[in-house]
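As a plain string of letters, each chain reads:
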Amino acid sequence: MYLQLAINTPLYRTFEYKLSFDLKIEGVNLIGCRALVKFGNRKTVGIIVEQSEKQTYTGKGAVKEIEEILDDSPIFDKYNIQLLKWAASYYHYPIGEVFYTAMPLLLRKPEKAGLKPIDLWTFVSDADTSCISRAKACKAALNIIREAPCTSHKLKELGINQAIITKLFNLGLITKSNLRDQVHEWDKNNISITDAKILNDEQQHAYDVISASHGFNAFVINGVTGSGKTEIYLQLIAKTLKQGKQALVLVPEINLTPQTVKRFYDRFNVPIVCIHSSLNDNERFESFAMMKRNEAAILIGTRSALFANIPNLGIIIIDEEHDSSYRQGDGFRYHARDCAVMLAFIRQIPIIMGTATPSIETVNNIQKKKYTEIILSKRAGNASDAIFNIIDMRRQIINHGISKELSLHINEELGKGNQVLLLINRRGYSQKLICHNCGYVFMCKNCDSNLTYHMTENRLVCHHCETKFIIPHQCPECGFTELTPTGNGTEQIFEHIQQLFPNSNPVRIDRDAINRKGVLNTILDDINNNKYNIIIGTQMLAKGHHFPNVTLVGIIDIDSCLFSNNYRAHEQLAQLIVQVAGRSGRGEKQGYVYLQTHTPDHPVLSTLLNYGYHTFAEECLKKRKQMMLPPFTNYAILKADGTEREKVISFIYDAYNFMNSQSSKFSNLVIMKPTSAYITRKQNRYHFYVLINSRAKRDLSEFVDLIIANIDRFQCKSSVHSVIEIDPLGNE
DNA sequence: AGCACGCCGACT
DNA sequence: GTCGGCGTGCTC
Ligand SMILES: [Zn+2]
Ligand SMILES: [Zn+2]
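Residues numbered from 1 in each chain as written. Chains lettered and ligands numbered in written order. Predicted model: local features only at pLDDT ≥ 70, side-chain atom pairs only at ≥ 80, totals over all residues. Heavy atoms only, no water.

- Chain A goes by Replication restart protein PriA in an unreviewed UniProt entry, where it is assigned to Ruminobacter amylophilus.
- Entered under Subunit (unreviewed entry) in the UniProt record, the comment concerning chain A runs "Component of the replication restart primosome."
- Per UniProt, chain A has the following entry under Function (unreviewed entry): "Initiates the restart of stalled replication forks, which reloads the replicative helicase on sites other than the origin of replication. Recognizes and binds to abandoned replication forks and remodels them to uncover a helicase loading site. Promotes assembly of the primosome at these replication forks." (UniProt positions renumbered as here; feature names shortened; annotations may be inferred.)

Here's what the structure looks like:
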């Protein structure tokens, strides 16, 4: 038999291997299993994706033999394989690398993998128990095990320690086996649901509409924070579980907290597993394996959980659909939301996307009736909407980025015993360090970028390559010793707030302040216990975390987002503003959001604040259409980088000339001139790109195929690294 | 991406 | 002589 393997190598094809008779196992489906093979002259692991009786490879060189089949059963089922093959072709990424990224780390190693054994203790029926008749603890333990076989974990919960178990085992009264040898599927006939809430009219309507659907359907639940989206998810999952089906819940990285998971644990008695960054390789593999074995019923995970093997998948939930963490930024670049919709289509099941601020792509899909939108307008309890205020910075006394007006409002809220949240999109003390005499800006020696001054660390840090430099005493150009920090960062705002409000308790939250695990949770607990009353941080605070005592949110600088050259910047700003409003003011307390800007009349602000996100999104969509931007057109980007600037330029121009020579064979193509990246030199590598745009996805896809088929022929290819990205984040 | 092969310069 | 520099080419 001949097998096609996907192998982790940057090549766009599968490789054929021969399976000898003695490796064939009767009744085992090989498709989706891993195989150990020689590839070139190294041994590696490949995934079997196709099989045939006859040899199909006709090129030169002999077909090699498979050395070992590494799995007893496929790690990927036919749906996984269909999704991954689709993703490889849609994103034009090497199929082996696509499969590799979808695998838990433990399965990437070229060796067999199994769940770590769990000891199961069973009573020996004809045992003579007289020898322990006087030992009370042993007798109690034996009675429990006599009832039903037990794991050490279960026995520990019942107060029986390992020493007693070992004693019983040594006496031959109980036997040991591995619980994992048998599959213990979750019990669909014994589902208990705890504390389900009564749905309000809108929630009930959403539930009814989704429940009534059959096969593939994409729904968008559009509801503000506190409108009860999660309750709908939970009840839809309950219905799915009762049908014996499993559920997949995707959440943004930052939202996958113990509290989120607890809501699911508290509701259901079925086994629930997670896949997220703080789990180790073994734990992730365990979650993956338990879903595959149908031992767990619900998987809650970040974007990569999308590729898990879930044999009885019945529903997909994707919370905060618009969130940027669904986009994978390096290696195989994919969008988990788009892939999840494809997965739901492949499996013919419903997918529910929840958000208060649907992405512009999603709004377009709603308008095109690809997705069904369900609106939740009611907030739970008597919570009222936050009040927005624009602070016109042009007529203000500004001190360290904080206007007089904002500081007065902060003072007022602090006086009432409320908390204040300030967002700055820059960490460190100052964005730059400038010579006060000649204006020299301290730059990174590896990148075309200025260094950020970090006061706590007492270093100049490059935010592009993380290199740290000792702070010089004088300007290298003129020798002047007075160096001025410019551009407020979180550290500087923190320092200024301490001076402005000497009696306040401010806390700073950014990547630098929470570098150790667990620190964030400690700070968040302290905030909820009112240990702090001013929270200063980067935009990581705007997502996921709830601050019930915060009544004022100030966004220090929104102008950089208003005047960014990235076409997605306005969308992101609008989402940030709305999300932030959801974080402030709960119950009786009125929440306020202050936006500091030099352009208070900007149409984005007036539309958003006067007419709401929905109208903003419609306006944004109209503008995208006028400007021929996604989702009305499609982008692909060819990125090139290398250590020698001239070689990268030769490569990118050769690629560009090739594209121009071929573009007439395609319609609707626009190829933009090669451009240097915003930061051209990053870690001593020079970055250039060509953007390709097309109204038709198909034309673009075929054109990209043609580029890939010729990419090795472009000048200097051997010393230039290149990637093609589909639906890139912006225009770089 | 890895990894080997191969062809030139410089070093014991 | 031969050690190693990295340009080139291949992976079923
Ligand atoms: Zn100077
Ligand atoms: Zn740098």
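### Quick word on the overall build of chain A
Okay, so step 1: On a plain count of helices and strands, chain A comes out with 21 helices and 34 strands.
Okay, so step 2: Since a compact globule built from 732 residues should have a radius of gyration of about 27 Å, the 29 Å found for chain A is in line with a globular shape.
Okay, so step 3: For chain A, the spread of C-alpha atoms along the principal axes amounts to about 90 × 70 × 60 Å.
Okay, so step 4: When each of the 732 residues of chain A is scored for burial, the buried share is 52%.
Okay, so step 5: By sequence separation, contacts in chain A at least 24 residues apart represent 75% of the contacts at least 6 residues apart.
Okay, so step 6: By element, 49% of the accessible surface of chain A is carried by carbon and sulfur atoms, the whole surface being about 34500 Å². (Helix = DSSP H or I, 4+ residues; strand = E, 2+ residues; numbered from the N terminus. Rg over C-alpha atoms; globule rule 2.2 N^0.38 Å. Buried < 20%, exposed > 50% of the residue type's maximum accessible area, 1.4 Å probe, protein only. Contact = heavy atoms within 4.5 Å. Areas by Shrake-Rupley, 256 points an atom, 1.4 Å probe, with all protein chains shown as cover.)

### Considerations on the coordination of the zinc ion (ligand 1)
Metal coordination angles have textbook ideals: 109.5 degrees for a tetrahedral set of four donors and 90 or 180 degrees for an octahedral set of six.
Okay, so step 1: Ligation of the zinc ion (ligand 1) by protein atoms is provided by Cys435 (SG), Cys438 (SG), Cys475 (SG) and Cys478 (SG), these donors lying 2.3 Å from the ion.
Okay, so step 2: Taken together, the four donor atoms coordinating the zinc ion (ligand 1) and their angles of 103 to 116° define a geometry best described as tetrahedral.
Okay, so step 3: The sequence pattern describing where the donors of the zinc ion (ligand 1) fall on their chain is C-x2-C-x36-C-x2-C. Of this pair, cysteine 438 sits in the loop between strand 21 (430-435) and strand 22 (452-454) while cysteine 478 sits in the loop between strand 24 (468-470) and strand 25 (483-488), and the two are 40 residues apart along the sequence. (Donors = N, O, S within 2.8 Å, 3.2 Å for Na, K, Ca; no water. Tetrahedral: all angles 85-135°; square planar, octahedral: opposite > 155°, others 65-115°.)

### Things to note about the confidence of the model for chain A
Okay, so step 1: Per-residue confidence for chain A gives a mean pLDDT of 94, with 99% of residues at or over 70.
Okay, so step 2: Interface scoring of the predicted complex returns ipTM 0.92; its pTM is 0.95. (pLDDT = per-residue confidence, 0-100.)

### Some thoughts on the side chain of threonine 538
Okay, so step 1: Topologically, threonine 538 is positioned in the loop between strand 27 (534-537) and strand 28 (550-555).
Okay, so step 2: Classification of threonine 538 by relative accessible area gives buried; the value is 11%.
Okay, so step 3: In this view, threonine 538 contacts Leu423, Ile424, Arg426, Arg427, Thr490, Ile509 and Asp510; residues no more than four positions away in its chain are not counted.

### Observations regarding the domain arrangement of chain A
Okay, so step 1: Taken as a whole, chain A is organised into domain 1 (2-108), domain 2 (119-181), domain 3 (201-376), domain 4 (387-427 + 488-623), domain 5 (431-486) and domain 6 (634-726).
Okay, so step 2: Between the C-alpha centres of domain 2 and domain 3 there is a distance of 41 Å. (Domains from an automatic or database assignment.)

### Some details on the coordination of the zinc ion (ligand 2)
Okay, so step 1: Donor atoms from the polypeptide that coordinate the zinc ion (ligand 2) comprise Cys444 (SG), Cys447 (SG), Cys462 (SG) and Cys465 (SG), at 2.2 to 2.3 Å from the metal.
Okay, so step 2: If you look at the zinc ion (ligand 2), its four donor atoms make angles of 106 to 116° with each other, and the shape they trace is tetrahedral.
Okay, so step 3: The motif formed by the donor residues of the zinc ion (ligand 2), counted along the single chain, is C-x2-C-x14-C-x2-C. With a gap of 18 residues between them, cysteine 447 in the loop between strand 21 and strand 22 and cysteine 465 in the loop between strand 23 (459-461) and strand 24 connect regions that are remote in the sequence.

### Thoughts on the protein's contact with DNA strand B
Okay, so step 1: Lining the immediate surroundings of DNA strand B are Thr9, Pro10, Asn41, Arg42 and His721.
Okay, so step 2: Taking asparagine 41, its side chain carries an N or O atom lying 3.4 Å from a sugar or linking oxygen of DNA strand B. (Near = heavy atom within 4 Å. Polar contact = N/O pair within 3.5 Å; in protein donor to acceptor, adjacent residues only side chain to side chain.)

### Describing unusual backbone geometry
Leaving glycine out, the prevailing phi sign among residues is negative, and the prevailing peptide bond configuration is trans.
Okay, so step 1: Here the residue pair proline 630 and proline 631 is connected by a cis peptide bond, since its omega of 5° sits within 30 degrees of zero.
Okay, so step 2: Even without being glycine, asparagine 684 reaches a positive phi, approximately 65°.
Okay, so step 3: With respect to the element layout, asparagine 684 can be found in the loop between strand 32 (675-682) and strand 33 (685-694).

### Overview of the UniProt feature "binding site: Zn(2+) 1" (unreviewed entry) in chain A
Okay, so step 1: Mapped onto this numbering, the UniProt entry annotates "binding site: Zn(2+) 1" (unreviewed entry) at Cys435, Cys438, Cys475 and Cys478. The largest pairwise C-alpha distance within this set of annotated residues, which runs over 44 residues, is 8.6 Å, so the set is compact in three dimensions.
Okay, so step 2: Within the element layout of this structure, cysteine 435 appears in strand 21.
Okay, so step 3: Look past the residues within four positions of cysteine 478 in its chain and what remains in contact with it is Cys435, Asn437 and Cys438.

### Examining the packing of aromatic side chains
Okay, so step 1: In the structure shown here, the tally under the stated rule is 22 aromatic pairs.
Okay, so step 2: Sitting above the plane of the tyrosine 100 ring, arginine 108 keeps its charged end 5.1 Å from the centroid.
Okay, so step 3: Above the plane of the ring of phenylalanine 169 lies lysine 176, whose end atom (NZ or CZ) is 6.0 Å from the centre. (Phe/Tyr/Trp six-rings, centres within 6.5 Å; stacked < 30°, edge-to-face > 60°. Lys NZ or Arg CZ within 6 Å of the ring centre and 35° of its normal.)

### Things to note about the nonpolar core
Okay, so step 1: Counting residues in each nonpolar core, the largest one holds 84 residues, and the members touching the most others are Phe76, Leu306 and Ile692.
Okay, so step 2: For phenylalanine 76, the residues in contact, after removing those within four places along its chain, are Ile31, Gly32, Ile47, Ile81, Leu84, Phe99, Ala102, Met103, Phe288, Phe307 and Asn309.
Okay, so step 3: Of all hydrophobic cores here, the second largest spans 40 residues; its members include Ile577, Leu605, Leu608 and Ala617. (Core = buried A, V, L, I, M, F, W, Y, C linked by side-chain atoms within 4.5 Å.)

### Overview of the sheet that holds strand 14 (residues 313-319)
Okay, so step 1: Spatial ordering of the open sheet is given by 12-13-11-14-15-10-16, a layout of seven strands whose pairing is parallel. Bordering the open sheet on either side are strand 12 (272-275) and strand 16 (372-376), each of which pairs with just one other strand. Geometrically, the sheet is characterised by an average inter-axis angle of 20° between neighbouring strands, direction not taken into account.
Okay, so step 2: In this sheet, strand 13 (residues 298-301) lies alongside strand 11 (residues 246-250) in parallel orientation, the contact comprising four bridges. Bridge pairing in strand 13 places valine 249 opposite isoleucine 300. (Pairing = 2+ DSSP bridges. Axes fitted to C-alpha atoms, helices over the stretch in contact; angles between N-to-C directions.)

### A short note on the sheet that holds strand 29 (residues 592-597)
Okay, so step 1: In spatial order, the strands read 17-29-28-20-27-26; together these six strands make up an open sheet with parallel pairing. Strand pairing shows two members of the sheet lacking a second neighbour, strand 17 (387-392) and strand 26 (506-509), which therefore form its edges. Along the sheet, successive strands turn relative to each other by an average axial angle of 20°, direction set aside.
Okay, so step 2: When strand 26 meets strand 27, the two strands line up parallel, connected through four bridges. Within the sheet, the bridge partner assigned to proline 506 lies in strand 27 and is isoleucine 534.
Okay, so step 3: Packed onto the sheet, helix 14 (residues 490-500) meets strand 20 (419-423), strand 26 and strand 27 and runs at close to 180° relative to strand 26.

### Overview of the pairing of strand 27
Okay, so step 1: Going residue by residue along strand 27, you find Ile534 and Ile536 tucked away on one face and Ile535 and Gly537 tucked away on the opposite face as well.
Okay, so step 2: Remark: the strand 26/helix 15 (residues 519-528)/strand 27 crossover connection has right-handed handedness. (Right-handed = clockwise from strand over helix to strand, strands pointing away.)

### A short note on the UniProt feature "binding site: Zn(2+) 2" (unreviewed entry) in chain A
Okay, so step 1: Under the UniProt annotation, "binding site: Zn(2+) 2" (unreviewed entry) lies at Cys444, Cys447, Cys462 and Cys465. In summary, the annotated positions, though distributed over 22 residues, converge in three dimensions, the widest C-alpha pair being only 8.7 Å.
Okay, so step 2: Beyond its immediate chain neighbours, meaning those up to four positions away, cysteine 447 contacts Cys462, His464, Cys465, Arg681, Lys682 and Gln683.
Okay, so step 3: Overall, the relative accessible area of 13% leaves cysteine 465 in the buried class.
Okay, so step 4: The contact partners of cysteine 465, leaving out residues within four places of it in the chain, are Cys444, Asn446, Cys447 and Gln683.

### A word on the packing of helix 8 (residues 229-242) against helix 9 (residues 258-267)
Okay, so step 1: In contact at an axis separation of 11 Å, helix 8 and helix 9 are set at 40° when each is read in the N-to-C sense. It follows that helix 8 is oblique to helix 9 by the angle criterion. The way helix 8 lies across helix 9 gives a crossing that is right-handed. Contacts between helix 8 and helix 9 pair Thr230, Glu231, Leu234, Gln235 and Ile237 from the former with Arg263, Phe264 and Arg267 from the latter.
Okay, so step 2: Across the contact of helix 8 with helix 9, the residue classes break down as three nonpolar, two polar and three charged. (Parallel < 35°, antiparallel > 145°, perpendicular 65-115°, else oblique. Left-handed = near helix turned anticlockwise from the far one by under 90°. Nonpolar A, V, L, I, M, F, W, Y, C, P; charged D, E, K, R; others polar.)

### Notes on the protein's contact with DNA strand C
Okay, so step 1: Among the 13 residues in the neighbourhood of DNA strand C, the closest are listed as Glu16, Tyr17, Gly40, Tyr57 and Lys64.
Okay, so step 2: Those atoms of DNA strand C that come within 4 Å of the protein belong to sugar or phosphate at a rate of 46%.
Okay, so step 3: Note that a phosphate oxygen of DNA strand C is positioned 2.9 Å from one of the side-chain N or O atoms of tyrosine 17.
Okay, so step 4: One of the backbone N or O atoms of lysine 38 is found 3.4 Å from a phosphate oxygen in DNA strand C.
Okay, so step 5: Of all the secondary structure elements, the ones that give two or more residues to the surface near DNA strand C are strand 2 (15-18) and strand 3 (34-39).
Okay, so step 6: Residue composition of the surface near DNA strand C, grouped by class: seven nonpolar, two polar and four charged.

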